[in-house]
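Architecture and fold: a report
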Amino acid sequence: MFLKNAWYVACTPDEIDEKPLGRTICGEKIVFYRGAGNQVAALEDFCPHRGAALSLGEVCEGQLVCGYHGLVMGCDGKTVAMPGQRVGGFPKIRAYPAVERYGFIWVWPGEAAQADPAKIHHLEWAENPEWAYGGGLYHIQCDYRLMIDNLMDLTHETYVHATSIGQKEIDETPVTTKTVGESVVTSRFMNNVMPPPFWRANLRGNHLADDVPVDRWQVCHFTPPSHIMIEVGVAHAGKGGYDADPKDKVYSIVVDFLTPETETSMWYFWGMARNFNPKDKALTAQIREGQAKVFAEDMAVLEAQQRNLNRYPGRKLLMLNIDAGGVQSRRILDRLLAQEQAADPQQQPALA
Amino acid sequence: MFLKNAWYVACTPDEIDEKPLGRTICGEKIVFYRGAGNQVAALEDFCPHRGAALSLGEVCEGQLVCGYHGLVMGCDGKTVAMPGQRVGGFPKIRAYPAVERYGFIWVWPGEAAQADPAKIHHLEWAENPEWAYGGGLYHIQCDYRLMIDNLMDLTHETYVHATSIGQKEIDETPVTTKTVGESVVTSRFMNNVMPPPFWRANLRGNHLADDVPVDRWQVCHFTPPSHIMIEVGVAHAGKGGYDADPKDKVYSIVVDFLTPETETSMWYFWGMARNFNPKDKALTAQIREGQAKVFAEDMAVLEAQQRNLNRYPGRKLLMLNIDAGGVQSRRILDRLLAQEQAADPQQQPALA
Amino acid sequence: MFLKNAWYVACTPDEIDEKPLGRTICGEKIVFYRGAGNQVAALEDFCPHRGAALSLGEVCEGQLVCGYHGLVMGCDGKTVAMPGQRVGGFPKIRAYPAVERYGFIWVWPGEAAQADPAKIHHLEWAENPEWAYGGGLYHIQCDYRLMIDNLMDLTHETYVHATSIGQKEIDETPVTTKTVGESVVTSRFMNNVMPPPFWRANLRGNHLADDVPVDRWQVCHFTPPSHIMIEVGVAHAGKGGYDADPKDKVYSIVVDFLTPETETSMWYFWGMARNFNPKDKALTAQIREGQAKVFAEDMAVLEAQQRNLNRYPGRKLLMLNIDAGGVQSRRILDRLLAQEQAADPQQQPALA
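Residues numbered from 1 in each chain as written. Chains lettered and ligands numbered in written order. Predicted model: local features only at pLDDT ≥ 70, side-chain atom pairs only at ≥ 80, totals over all residues. Heavy atoms only, no water.

The name given to chain A in an unreviewed UniProt entry is Aromatic ring-hydroxylating dioxygenase subunit alpha, and the organism recorded there is Caenimonas sedimenti.

Considering the overall build of chain A
Within chain A one finds six helices and 18 strands. For a compact globule of 352 residues, the expected C-alpha radius of gyration is about 20 Å, and chain A comes in at 22 Å, within 12% of that figure. Referenced to the eigenvectors of the C-alpha coordinate spread, the extents of chain A come out at roughly 75 × 50 × 35 Å. For chain A, the residues scored as buried account for 61% of the 352 residues in total. A fraction of 60% describes how many contacts in chain A between residues 6 or more apart in sequence connect residues 24 or more apart. Just so you have it, chain A exposes about 14,400 Å², and 51% of that area is on carbon and sulfur atoms. Each charge class in chain A was averaged separately, 34 positive and 43 negative side chains, and the resulting centres sit 3 Å apart. (Helix = DSSP H or I, 4+ residues; strand = E, 2+ residues; numbered from the N terminus. Rg over C-alpha atoms; globule rule 2.2 N^0.38 Å. Buried < 20%, exposed > 50% of the residue type's maximum accessible area, 1.4 Å probe, protein only. Contact = heavy atoms within 4.5 Å. Areas by Shrake-Rupley, 256 points an atom, 1.4 Å probe, with all protein chains shown as cover. Lys, Arg positive; Asp, Glu negative; His and termini not counted. Charge placed at Lys NZ, Arg CZ, Asp CG, Glu CD.)

Thoughts on the domain arrangement of chain A
Interface size is commonly expressed as the accessible area that is lost once the parts come together. All names here are of chain A. By the assigned domains, chain A splits into domain 1 (8-118) and domain 2 (123-341). Distance from the C-alpha centre of domain 1 to the C-alpha centre of domain 2: 33 Å. Across the boundary between the two partners, domain 1 contributes 14 residues, which contact 16 residues of domain 2. Each partner contributes to the roughly 1,200 Å² buried at the junction of domain 1 and domain 2, and carbon and sulfur atoms together form 72% of this total. Inspection of the region where domain 1 meets domain 2 yields zero salt bridges. In this assembly, domain 1 and domain 2 are joined by four residue pairs in polar contact (both at pLDDT 80 or more). Broken down by secondary-structure element, the contributors of at least two residues to the side of domain 1 that touches domain 2 are strand E1 (8-11), strand E2 (21-25) and strand E11 (104-107). For the side of domain 1 that touches domain 2, the element with the highest residue contribution is E1, accounting for four residues. (Domains from an automatic or database assignment. Buried area = accessible area lost by both parts, 1.4 Å probe. Salt bridge = Lys/Arg side-chain N within 4 Å of Asp/Glu carboxyl O. Polar contact = N/O pair within 3.5 Å; in protein donor to acceptor, adjacent residues only side chain to side chain.)

A few points about the sheet that holds strand E13 (residues 176-180) of chain B
Residue and element names in this part refer to chain B. Judged by pairing direction, the sheet is antiparallel, and its seven strands sit side by side in the order E12-E18-E17-E16-E15-E14-E13 without closing on themselves. Here the strands that pair on one side only, and so sit at the sheet edges, are strand E12 (132-140) and E13. When the angles between neighbouring strand axes are averaged without regard to direction, this sheet yields 15°. Sheet topology places E13 next to strand E14 (residues 183-193); five bridges connect them, and they run antiparallel. In the strand pairing of E14, Thr176 is matched with Ser187. Running at roughly 25° to E12, helix H5 (residues 281-311) makes contact with E12, strand E17 (249-262) and strand E18 (265-274) of the sheet. (Pairing = 2+ DSSP bridges. Axes fitted to C-alpha atoms, helices over the stretch in contact; angles between N-to-C directions.)

Some points on the interface of chain A and chain B
Contacts between chain A and chain B engage 29 residues on the former and 25 residues on the latter. Between chain A and chain B, the buried area comes to about 2,300 Å², and carbon and sulfur atoms account for 54% of it. Applying the counting rule to chain A against chain B returns two salt bridges. Seen at the junction of chain A and chain B, the total is 14 residue pairs in polar contact (both at pLDDT 80 or more). With nine residues, the top contributor of residues to the side of chain A that touches chain B is helix H5 (residues 281-311) of chain A.

Regarding the interface of chain C and chain A
Facing the 29 residues of chain C at the interface are 25 residues of chain A. Counting the surface lost from both chain C and chain A, the interface buries some 2,300 Å², and carbon and sulfur atoms represent 54% of this. Across the pair C:Arg315 and A:Glu44 runs a salt bridge whose closest N-O atoms are separated by 2.6 Å. At the surface where chain C touches chain A, the tally comes to 14 residue pairs in polar contact (both at pLDDT 80 or more). When residues of the side of chain C that touches chain A are traced back to their parent elements, those giving at least two are helix H1 (144-151), helix H2 (157-160), helix H3 (168-172) and helix H5 (281-311) of chain C.

As for the sheet that holds strand E11 (residues 104-107) of chain B
All names here are of chain B. Within the open sheet, the three strands sit side by side as E1-E11-E10. Their pairing is antiparallel. Strand pairing shows two members of the sheet lacking a second neighbour, strand E1 (8-11) and strand E10 (98-101), which therefore form its edges. Geometrically, the sheet is characterised by an average inter-axis angle of 40° between neighbouring strands, direction not taken into account. With four bridges connecting them, E10 and E11 associate as antiparallel partners. Each bridged residue has a counterpart across the sheet, and for Val99 the counterpart in E11 is Trp106.

Notes on the UniProt feature "domain: Rieske" (unreviewed entry) in chain A
Sequence positions flagged by UniProt for "domain: Rieske" (unreviewed entry) are, in local numbering, residues 7-107 of chain A. Structurally, residues 7-107 of chain A comprises 0% helix and 42% strand, and the distance from its first C-alpha atom to its last is 5 Å. (UniProt positions renumbered as here; feature names shortened; annotations may be inferred.)

Here we look at the relation of the copies chain C and chain A
For the pair chain C and chain A, the best superposition has an RMSD of 0.0 Å and corresponds to a rotation of 120° with a translation of 0.0 Å parallel to the axis. In symmetry terms, the pair is related by a three-fold rotation axis. (Least-squares fit on C-alpha atoms with pLDDT ≥ 70 in both.)

Some points on the environment of B:Val40
All names here are of chain B. Along the chain, Val40 falls in strand E4 (residues 40-44). Accessibility expressed as a relative area gives 12% for Val40, which makes it buried. Along the chain, Val40 and Ile16 lie 24 residues apart, while their C-alpha atoms are 9.0 Å from each other.

Some details on the pairing of E4(B)
Residue and element names in this part refer to chain B. With respect to burial, E4 is a largely interior element, five of its five residues being buried. One ladder, built from five bridges, connects strand E3 (residues 28-34) with E4; its direction is antiparallel. Among the inter-strand pairings, Arg34 is bridged to a residue of E4, identified as Val40. Counting the residues that bridge the hairpin from E3 to E4 gives five residues, and of these Gly37 lies at a positive phi of roughly 65°.

Some words on unusual backbone geometry
Backbone torsion omega between A:Pro224 and A:Pro225 reads 0°, so that peptide bond is classified as cis. By the secondary structure assignment, A:Pro225 is in the loop between strand E15 (214-223) and strand E16 (227-236). Phi at A:Tyr102 takes a positive value of approximately 60°, unusual for a residue other than glycine. Following the sequence through the fold, A:Tyr102 ends up in the loop between strand E10 (98-101) and E11. Classification of A:Tyr102 by relative accessible area gives buried; the value is 14%. One non-glycine residue, C:Glu61, lies in the positive phi region at around 50°. Tracing the sequence through the fold places C:Glu61 in the loop between strand E5 (58-60) and strand E6 (63-65).

Quick look at the side chain of A:Glu261
Residue and element names in this part refer to chain A. With respect to the secondary-structure elements, Glu261 resides in strand E17 (residues 249-262). Buried and without a salt bridge, Glu261 has Arg23 as its closest oppositely charged side chain, separated by 7.0 Å. Excluding its chain neighbours within four sequence positions, the residues that come into contact with Glu261 are Thr24, Ile25, Cys26, Gly27, His139, Met266 and Trp267.

Some details on the pairing of strand E16 (residues 227-236) of chain C
All names here are of chain C. Within E16, 10 of the 10 residues are buried, which leaves the element mostly enclosed by the surrounding structure. Side chains of E16 alternate between two faces, with His227, Met229, Glu231, Gly233 and Ala235 and Ile228, Ile230, Val232, Val234 and His236 buried alike. Relative to E16, strand E15 (residues 214-223) is paired through 10 bridges, and the arrangement is antiparallel. Opposite His221, over in E16, you have Met229 as the bridge partner. In this structure, the hairpin formed by E15 and E16 is closed by a connection of three residues. Both E16 and strand E17 (residues 249-262) contribute to a ladder of nine bridges, which runs antiparallel. In the strand pairing of E17, Met229 is matched with Val255.

Listed below in structure tokens is the structure:
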């Protein structure tokens with residue numbers, strides 16, 4: 001249950017710095033590497049000669065060389081050369097559209113002809129020197145849609161993240177959810193509350209008093225296939241909240257790229273972009289460390305939830321008002337998936 | 001192949017002291033915790049909201065609070081409250097009868113209406129200050145019935161436990177096995193033999209000479225669903241054996257509660273109750289350590305046996321005279337299981 | 001897809017020195033031990049009493065005693081005795097022909113009546129004091145035929161073993177492959193090349209200059225079911241190469257016994273026999289260490305290849321000229337397997 005004709009974050013550039021990377025994305029075994037001119041390339045991780053994993057090979061002069069018998073593979077999936085062989089008749093392997101942008105490697109696991117880099121989710125903060133970004137990657141044994149549910153309803157912070165970003169007022173403040181085209185936005189505004197530990201630290205990080213009431217906001221944006229950007233922040237109470245002057249607030253974007261691996265596992269690229277004190281690398285590291293703990297808490301909850309759903313596959317779940325963000329996001333996915341399958345009835349469901 | 005309408009040992013109280021415990025019993029995923037008034041409660045480990053594992057939650061003022069979104073669950077499986085929600089229409093989850101008694105938490109994984117705490121196996125030693133108890137828990141990858149076979153035929157001590165409780169005379173002394181109603185008793189009496197190491201240590205623990213011949217006995221009692229109490233002991237030879245005066249013997253009960261997890265795995269609650277020198281905690285610890293080694297030896301044998309049976313599922317096994325205890329116990333289980341299934345033809349076999 | 005009526009290396013003598021060894025060979029769970037007169041015996045690893053693993057037992061006075069209840073098993077699979085039992089009617093378990101020869105234990109997992117020790121692959125170096133041998137064992141998660149492909153085409157050395165035995169000239173020198181009866185021979189001769197690190201070390205091991213050009217050869221011999229002996233060596237260039245006088249060359253045989261465990265796993269007995277400086281134990285150890293690294297590199301490649309083939313089971317692989325050794329070897333296996341199945345249509349495919 002995932003879209004194939006979409007751009008997903010596949011990896012970060014550092015993961016292909018030293019050698020090729022083998023990673024399964026949407027059920028496809030793919031090797032990522034830097035080809036000619038340092039351009040990112042993505043191919044089936046399957047040597048057409050004997051089925052060796054190309055990801056165990058090396059890149060030589062911009063071409064991927066199979067680590068088994070030296071077959072030289074082109075970025076288009078056509079064999080370029082092999083010692084002592086004529087390679088004209090070698091079967092082509094699949095090449096996947098791949099693009100490096102905004103500090104990530106993006107891949108299109110579906111039909112290549114439809115892949116338009118212009119459709120890659122725009123990330124303004126990634127190109128603006130007034131912003132800083134730090135993040136990480138978790139491999140999680142759950143359907144990526146459980147993470148969509150999780151991130152489009154932050155009520156859980158009160159319980160799952162009680163010691164860092166949770167606070168009772170989250171629970172007590174209703175959310176507003178709306179679908180706009182193919183996006184879903186869920187918002188919660190809490191005024192005149194005391195900041196929890198993670199936000200106290202961020203206030204100090206922006207040289208603001210951390211022991212006074214604040215106005216706090218959470219605005220979650222879902223866009224297909226599975227990108228969730230959450231505007232979060234606090235401003236000293238009464239200064240305008242979300243719209244307060246930058247000197248009175250700390251404002252960040254929680255960045256979540258959810259990339260399906262199989263039907264029940266995913267790659268979770270998480271991070272935070274902030275526009276306060278962007279040059280402070282120690283602050284970036286400190287936020288990153290805090291987030292790593294927070295998302296590890298989510299991971300434990302979601303993996304246990306997935307095991308439960310596997311055990312009771314037929315059981316109906318509730319869809320409450322707080323679940324509206326996830327419900328509406330899944331509805332968009334269902335619609336797009338139906339369109340994708342209607343356009344290509346041959347498409348097989350991905351392997352689990 | 002296990003009875004559902006029966007009381008099983010689920011856990012020990014210390015396992016739910018700090019937080020809820022998730023454990024699968026007879027194929028049922030169950031969360032155990034202390035509810036109102038410190039009473040033990042057992043529920044499906046599945047939050048009716050989104051399927052989270054309730055065992056990751058916390059107990060607040062006697063109620064289990066889901067660790068994901070704060071749903072408050074009652075001990076009867078009905079949702080009590082959830083922040084910002086009306087919960088009247090929430091589906092009920094299953095509540096399992098659970099009782100704390102004799103230092104164990106007991107659960108009834110079958111039809112609740114049939115659960116009568118009066119049917120819990122009576123353990124006289126557990127309530128008598130003249131007795132001491134120590135024990136432990138092993139998670140074993142085998143059908144619990146292999147452990148019934150094991151415990152209802154102690155011939156194996158000569159081989160599996162050669163360095164602790166085994167001795168050649170066990171082999172050479174025939175057993176008597178009889179079925180009495182729903183119980184099976186297998187007895188062996190060995191007179192005028194030298195005590196093996198474990199019993200020499202126990203004789204010393206009761207301030208008795210350990211280098212003289214003894215009369216030794218083993219009386220194994222099986223009762224459904226899978227409780228085995230083994231009267232064991234040695235008396236200085238010629239003093240009356242099993243019936244000797246307490247000052248001339250050491251007498252204990254090996255306590256074995258076998259709780260199926262799946263068709264091929266089990267929870268093994270093992271221990272020893274003794275009525276000599278009951279206040280000596282160092283002796284309790286020493287006996288427990290000895291038993292832990294003994295039962296680890298059984299575990300290795302039974303897990304390898306299970307792998308063999310998985311590999312050769314159709315092969316017939318022998319039923320010798322020494323196997324009579326296991327054979328007769330299984331026959332009782334088969335009969336009770338047929339009754340249980342006849343009474344509830346809808347009952348599905350448990351998941352493996 | 002493996003022959004059952006064949007001699008395979010099952011283990012080395014040191015593996016049964018202390019206690020019985022349980023090992024699955026061609027899908028058969030077998031226990032190996034030393035029976036009467038220290039003769040090697042091989043039986044189903046399944047006690048006819050209750051299915052215990054006989055490999056957990058002990059050998060007493062030349063007979064295998066089950067570690068569970070003391071059943072005494074004869075080397076022919078007939079129960080000899082059991083304490084307190086008449087064993088005449090006990091079902092026989094399967095006995096496998098087993099022979100100790102050339103420093104290995106050989107087993108015949110198929111029909112015992114066909115097992116003729118004279119068919120065991122002759123190993124001249126194993127009985128000749130002018131030769132030394134050292135080797136090891138790897139457990140590899142791949143179809144043993146992937147290892148046949150690997151060893152019957154050494155082109156991969158250039159890539160997989162670039163830092164030890166690989167060199168560019170391997171790639172550039174064509175091979176000759178021929179089938180002779182049930183054997184396949186693939187040869188490559190490289191003249192006037194610089195020796196790579198592994199061979200430089202061996203030249204020094206035979207007190208020869210290591211910084212001069214050499215003639216290098218690789219002659220791979222496949223014989224069913226899956227034994228591959230590779231004649232390898234280097235001679236100072238121009239001295240006659242393969243046929244050079246022993247004082248001008250270093251000559252060895254890479255010994256590879258591939259024993260299937262299941263359809264997708266194998267036991268790899270690897271080693272090297274050499275006829276230079278045979279008494280130098282430090283040299284034997286050094287060569288063994290070098291080989292261990294080399295074959296670990298192969299293991300990583302083959303296990304990834306197997307995962308790829310599992311993922312894409314229907315995909316056709318190429319058969320190039322360099323693959324001729326593997327292709328011709330597999331063709332012989334296919335023919336022999338068809339004969340074996342025609343002779344015994346009841347034979348079930350081995351379990352994976």
